[in-house]
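# Examining the three-dimensional arrangement
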Amino acid sequence: MSELMSAAQELDAADGLAGLRQRFVLGDDVVYLDGNSLGALPAHVPGRVEDVVRRQWGELRIRSWEESGWWTAPERVGDRIAPLVGAAPGQVVVGDSTSVNVFKAVVAAVRMAGEGRDEILVDASTFPTDGYIAESAARMTGCALRPVTPAEVPSALGDRTAVVLLNHVDYRTGRLHDLPGLTAAVHAAGAYAVWDLCHSAGALPVGLDEHGVDLAVGCTYKYLNGGPGSPAYLYVREELQDRFDSPLPGWNSHAEPFGMASAYTPAAGAVRGRVGTPDILSLLALEAALDVWETVPVEAVRAKSLALTDFFLRCVEAYVPGGRVGNLTPVAHAERGSQVALRCDGAGDVMKALIGRGVVGDFRHPDVLRFGFTPLYVGFADVERAARVLGEVVAGTGHPHPA
Ligand SMILES: *Cc1c(COP(=O)(O)O)cnc(C)c1O
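Residues numbered from 1 in each chain as written. Predicted model: local features only at pLDDT ≥ 70, side-chain atom pairs only at ≥ 80, totals over all residues. Heavy atoms only, no water.

### Here's the deal with the site of the ligand
- Taken together, Ser97, Thr98, Ser99, Phe127, Thr129, Asp130, Asn167, Asp196, Cys198, His199, Tyr221 and Lys222 form the complete shell of residues around the ligand.
- For the ligand, a nitrogen atom lies 3.0 Å from a polar atom in the side chain of Asp196.
- Side-chain polar atom of Tyr221 to an oxygen atom of the ligand: 2.6 Å apart, as the coordinates give it.
- Summarising the interface, the protein chains cover 87% of the accessible area of the ligand, which totals 390 Å² for the free molecule.
- Among the cavities detected, the one that contains the ligand is the largest pocket.
- At the level of elements, α5 (98-113) and α6 (128-141) are the ones that each hand at least two residues to the shell around the ligand.
- In terms of residue class, the shell around the ligand is built from three nonpolar, six polar and three charged. (Near = heavy atom within 4 Å. Polar contact = N/O pair within 3.5 Å; in protein donor to acceptor, adjacent residues only side chain to side chain. Areas by Shrake-Rupley, 256 points an atom, 1.4 Å probe, with all protein chains shown as cover. 1 Å grid on protein atoms, 1.4 Å probe; cavity = no way out; pocket = protein on both sides within 12 Å on 5 of 7 lines; lining within 4 Å. Sits in = over half its atoms within 2 Å of the grid points. Helix = DSSP H or I, 4+ residues; strand = E, 2+ residues; numbered from the N terminus. Nonpolar A, V, L, I, M, F, W, Y, C, P; charged D, E, K, R; others polar.)

### Things to note about helix α8 (residues 179-188)
- Every buried residue of α8 is accounted for by Leu179, Leu182, Thr183 and Val186. Along the axis of α8, the buried positions cluster into a sector of 100°, meaning they face one direction only.
- Where α8 is buried, its residues meet α7 (153-156), β7 (161-167) and β8 (192-196).
- For α8, the side-chain oxygen to backbone nitrogen distance between the N-cap and Gly181 is 2.9 Å, and the N-cap itself is Asp178.
- A positive phi of about 80° marks Gly190, the residue just after α8. (Buried < 20%, exposed > 50% of the residue type's maximum accessible area, 1.4 Å probe, protein only. Arc of directions from axis to C-beta. Contact = heavy atoms within 4.5 Å.)

### Thoughts on the pattern of salt bridges
- In the structure shown here, the tally under the stated rule is 23 salt bridges.
- The salt bridge partner of Glu239 is Arg237, with a shortest N-O separation of 3.4 Å.
- Classification of Arg237 as buried rests on a relative accessible area of 16%.
- Between Asp362 and Arg364 there is a salt bridge, with its nearest N and O atoms 3.6 Å apart.
- Judged by relative accessible area, Asp362 falls into the buried class, the value being 7%. (Salt bridge = Lys/Arg side-chain N within 4 Å of Asp/Glu carboxyl O.)

Here it is in structure tokens:
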């Protein structure tokens, strides 16, 4: 056995989270490093979804809105996500997609910012949907949109800045941005900070309340394992809720939704972020999936995530022939999320070969191999195997060294 294989065994033996893996449906022959795109299925979820479909829908039918807690599920599930993002209850509501929630958050922030503030700053390397939505929100609100790197945000801020939309972790490189520092800079300029937590929630502590974040959004099908297309969440800081003027004021966010009034009166609290009828099947699959977190402190997840990515980088260095891949992910812990991105010539073909050999990551155009490390179900032996197979695949493909 190689030195790295025995190192992996020791790390697995000392891993306090190792037992969680059996709560997920994962084949023994696959190393799943794509939980940052679609989290694995928790083993108890199918049974719970079956109950929702057969009993709650099939037998109780309309009564379930009340008796099965369907109507209040968006806030209830929001309160279960809240501790994972460092939020006290009553500030997170679940529903719609991340894209839609970005729209609500950015437009509402511009409306809060008020007269004279007519510029939106957006992370220039953002996940595309955030950029598209910010552009449309800017046009609709008469703002200018300015793409800047997160590092440029402090110098780009001014007395015309209304809102800054940032990603906590960059989806391509895995770089973790300085949420406390950037939020403080945004506030010092009198603007509002909207954070997209898609690649951080469930992988590392976020501290929304602690750091005074104004608004945040995130998806639940990545590190929260909610299932394909499970609904996203919206955080509105408690002090701002009375001023949160939603650009999508549907009947679900009305103070008296069943009053069927022709005039809109917004509800108080996180409910104000709702729009229309919630997607109950997906929402309750997500609620079931969140059970996994009941005994898991997010700090322990973060510690294991850093140990996994450190060990992966060490194994890649040992196994992958010199120069064949280049690491795009920051080495400093304070700047690293829970994934490792490697630049590699022929990355698309390399990833296909990896998947063919049971190592599932993903390919990001044009030359990036992306590996996500979900501490709930990825172990150190998985990491060692992934790097070893990568070394074998890359050595066999005959692609020249990256420039
Ligand atoms: C995954 C991801 C999204 C996805 O948005 P959807 O509306 O769920 O398709 C948005 N933003 C970021 C940063 C993401 O990583």
